[in-house]
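Below, each chain spelled out in residue letters.
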Amino acid sequence: MKIGEALKLERKQLNLSQSKMAGNILTKSFYSKVERDICSIRANDLLQILSLHNIDYSSFFKKVENNTNKNHISKIDCDNLLHTAYYQKDLSKITELEKMLNDRNNSELNLDNIRALKIESTKIKLKSCHY
């Protein structure tokens with residue numbers, strides 16, 4: 001389970017709105033994006049939210065840790081890995097990411113973008129080989 005999913009679960013158990021859960025720590029809009037795994041939350045903000053609602057840190061992080069799906073990569077993580085590989089012109093990392101996504105259930109991620117960057121990286125690599 002991702003941090004956003006765990007926060008949403010806690011919020012629903014406490015019967016709170018997103019605004020109430022975010023308190024004065026985050027905007028409702030940003031908090032909503034955290035729950036949907038669109039944005040990452042800073043550790044300090046997460047701990048403040050947990051404290052605000054008397055949520056035990058240990059039990060919260062056990063939910064996150066114990067329910068991590070090894071066959072899933074978030075869109076944010078995928079984008080970060082892809083951008084790093086692209087700007088480092090590391091075709092092997094792009095190929096590895098493509099293989100990993102093909103092997104796993106990541107239906108929300110667009111493999112076409114990865115394949116396009118792979119082709120573009122190959123072209124860049126080939127151009128740098130010409131004198």
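Bear in mind that the values here come from a model prediction, so they are computed numbers and not experimental data.

**Comments concerning the overall build of the protein**
A tally of regular secondary structure across the protein gives eight helices and zero strands. Counting from the amino terminus, helix and strand elements in the protein follow one another as α-α-α-α-α-α-α-α. Relative to its full complement of 131 residues, the protein shows a buried share of 31%. When the accessible area of the protein is evaluated, it comes to approximately 8,800 Å², of which 51% is carbon and sulfur surface.

**Quick notes on helix α1 (residues 3-13)**
Residues Gly4, Ala6, Leu7, Glu10 and Arg11 constitute the buried set of α1. Projected down its long axis, α1 carries its buried residues within an arc of 160°, all on one side. Turned more than 90 degrees away from the buried face of α1, the exposed residues are Lys12 and Gln13. In the segment just after α1, Asn15 is the residue with positive phi, at about 60°.

**Quick notes on the side chain of Glu35**
Mapped onto the secondary structure, Glu35 falls in helix α3 (residues 28-35). Of the polar contacts made by the side chain of Glu35, one reaches the side chain of Arg11; its length is 2.6 Å. For Glu35, the side chain forms a polar contact with the side chain of Gln18, separated by 2.9 Å. Residues in contact with Glu35, not counting those within four places in the same chain, are Gly4, Glu5, Leu7, Lys8, Arg11 and Gln18.

**A word on the nonpolar core**
By size, the foremost hydrophobic cluster in this structure holds 14 residues, and its most contacted members are Leu7, Tyr31, Ile41, Ile49 and Phe60. Only α1, α2 (18-22), α3, α4 (43-52) and α5 (57-66) provide two or more residues apiece to this core. In this structure Phe60 touches Ile3, Ala6, Leu7, Glu10, Leu46, Leu50 and Ile55, once residues within four positions along its chain are discounted. Grouped together as the second largest cluster of nonpolar side chains are six residues, Cys78, Leu82, Ile94 and Leu101 included.

**Remarks on the pattern of salt bridges**
Following the criterion strictly, the structure yields three salt bridges and no others. Close ionic contact of Glu10 with Lys63 constitutes a salt bridge, the shortest N to O distance being 2.3 Å. Placement of Glu10 in helix α1 and of Lys63 in helix α5 is noted, with a sequence separation of 53 residues between them. Assessed through its relative accessible area of 9%, Glu10 is described here as buried. Owing to a relative accessible area of 21%, Lys63 belongs among the partly exposed residues under this scheme. The shortest N-O distance in the salt bridge between Arg42 and Asp45 comes to 3.2 Å. By relative accessible area, which is 55% here, Arg42 ends up exposed.

**Details of α4**
For α4, the set of buried residues is Asp45, Leu46, Ile49 and Leu50. Buried positions in α4, seen along its axis, are confined to an arc of 135° and lie on one side of it. Looking one or two residues beyond α4, the residue adopting positive phi is Asn54, at roughly 55°.

**Some remarks on a nonpolar patch on the surface**
On the surface, a nonpolar cluster with roughly 230 Å² of combined accessible area is contributed by Leu47, Tyr57 and Phe61. Here Phe61 shows up in helix α5. Relative accessible area serves as the criterion here: at 33%, Phe61 is assigned to the partly exposed category.

The rules behind each value
Residues numbered from 1 in each chain as written. Predicted model: local features only at pLDDT ≥ 70, side-chain atom pairs only at ≥ 80, totals over all residues. Heavy atoms only, no water. Helix = DSSP H or I, 4+ residues; strand = E, 2+ residues; numbered from the N terminus. Buried < 20%, exposed > 50% of the residue type's maximum accessible area, 1.4 Å probe, protein only. Areas by Shrake-Rupley, 256 points an atom, 1.4 Å probe, with all protein chains shown as cover. Arc of directions from axis to C-beta. Polar contact = N/O pair within 3.5 Å; in protein donor to acceptor, adjacent residues only side chain to side chain. Contact = heavy atoms within 4.5 Å. Core = buried A, V, L, I, M, F, W, Y, C linked by side-chain atoms within 4.5 Å. Salt bridge = Lys/Arg side-chain N within 4 Å of Asp/Glu carboxyl O. Patch = residues over 30% accessible without salt bridge, like charges linked within 9 Å, V, L, I, M, F, W, Y side chains within 5 Å.

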